[in-house]
Amino acid sequence: KQEVTQIPAALSVPEGENLVLNCSFTDSAIYNLQWFRQDPGKGLTSLLLIQSSQREQTSGRLNASLDKSSGRSTLYIAASQPGDSATYLCAVRGTTDSWGKFQFGAGTQVVVTP
Amino acid sequence: DAGVTQSPTHLIKTRGQQVTLRCSPISGHKSVSWYQQVLGQGPQFIFQYYEKEERGRGNFPDRFSARQFPNYSSELNVNALLLGDSALYLCASSLTQSTNEKLFFGSGTQLSVL
């Protein structure tokens with residue numbers, strides 16, 4: 001059974017510092033991994049999708065890496081801003097899971113202080 | 001173009017009642033998935049529908065059911081509500097049911113069961 005873990009559960013950094021968010025998963029048989037952002041009481045905003053054959057994806061200040069064999073992904077956010085404060089979740093789509101299912105981690109809550 | 005829209009945004013019910021939640025996918029998207037998110041946890045997969053057929057089901061009791069209409073909108077029904085059903089219910093859409101696609105989420109319906 002796939003399990004997705006995000007450590008730490010919460011993180012506070014001063015503005016301008018780079019953010020490093022970790023995601024680990026137990027079963028490397030995945031189609032892809034997606035990173036999301038969630039503001040309090042709101043839905044999820046898709047940030048980056050990495051296919052299992054890819055090593056990384058970049059979008060603006062965001063960069064996500066994937067090491068499928070070790071079951072890890074890292075989301076880097078460069079030069080953090082107070083507007084980056086949110087909960088960041090990773091989700092994996094496993095090849096042996098129910099069709100359409102993404103397995104989510106519990107998220108890392110990020111606070112960027114001015 | 002509008003994103004994924006969900007209604008209502010908030011709902012209060014009492015134990016034993018029944019509830020229907022609604023979702024309209026992004027225009028052109030044919031796949032709809034439903035997730036339940038309890039406070040402090042990541043979303044849990046409930047169902048995926050594609051072309052009006054159930055294609056995937058998570059580990060939820062039969063009190064939970066859903067359907068997809070010819071216009072690809074969807075409804076999630078929950079019967080005999082329990083206190084533990086209190087959660088944010090999220091709908092997500094994708095273009096097809098391909099394993100390579102991003103999920104796009106709505107803002108959710110916050111259900112409170114008293």
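Structure: see above.
Residues numbered from 1 in each chain as written. Chains lettered and ligands numbered in written order. Predicted model: local features only at pLDDT ≥ 70, side-chain atom pairs only at ≥ 80, totals over all residues. Heavy atoms only, no water.

Asks: What's the story with the sheet that holds strand S1 (residues 4-5) of chain A in this structure? I'm lost.
Replies: Strands in a sheet are paired, the pairing made by backbone hydrogen bonds, and the direction either parallel or antiparallel. Pairing within the open sheet is antiparallel, and its five strands lie in the order S1-S3-S8-S7-S6 (chain A). Two strands lie at the open edges of the sheet, namely S1 and strand S6 (56-59) of chain A, each paired on one side alone. (Pairing = 2+ DSSP bridges. Helix = DSSP H or I, 4+ residues; strand = E, 2+ residues; numbered from the N terminus.)

Asks: I keep staring at the state of the cysteines and nothing clicks. Help me out?
Replies: Here is the idea: a disulfide is a covalent bond, and it sits between the sulfur atoms of two cysteines. If you walk through the whole model with that rule in mind, you get two disulfides over all chains. Between Cys23 of chain A and Cys90 of chain A runs a disulfide, and the two sulfur atoms are separated by 2.0 Å. Between Cys23 of chain A and Cys90 of chain A, the S-S dihedral sits near 80°, and the bridge is therefore right-handed. With Cys23 of chain A in strand S3 (residues 19-25) and Cys90 of chain A in strand S9 (residues 86-94), the pair connects residues that are 67 residues apart, well separated along the chain. With relative accessibility at 2%, the residue Cys23 of chain A sits in the buried group. Owing to a relative accessible area of 0%, Cys90 of chain A belongs among the buried residues under this scheme. Each sulfur of the disulfide joining Cys23 of chain B and Cys91 of chain B lies 1.8 Å from the other. Here Cys23 of chain B and Cys91 of chain B share a disulfide; its torsion about the S-S bond, -65°, makes the bridge left-handed. Placement of Cys23 of chain B in strand S3 (residues 19-24) and of Cys91 of chain B in strand S9 (residues 87-94) is noted, with a sequence separation of 68 residues between them. Cys91 of chain B carries the same exposure label as Cys23 of chain B, and that label is buried. (Disulfide = S-S within 2.5 Å. Buried < 20%, exposed > 50% of the residue type's maximum accessible area, 1.4 Å probe, protein only.)

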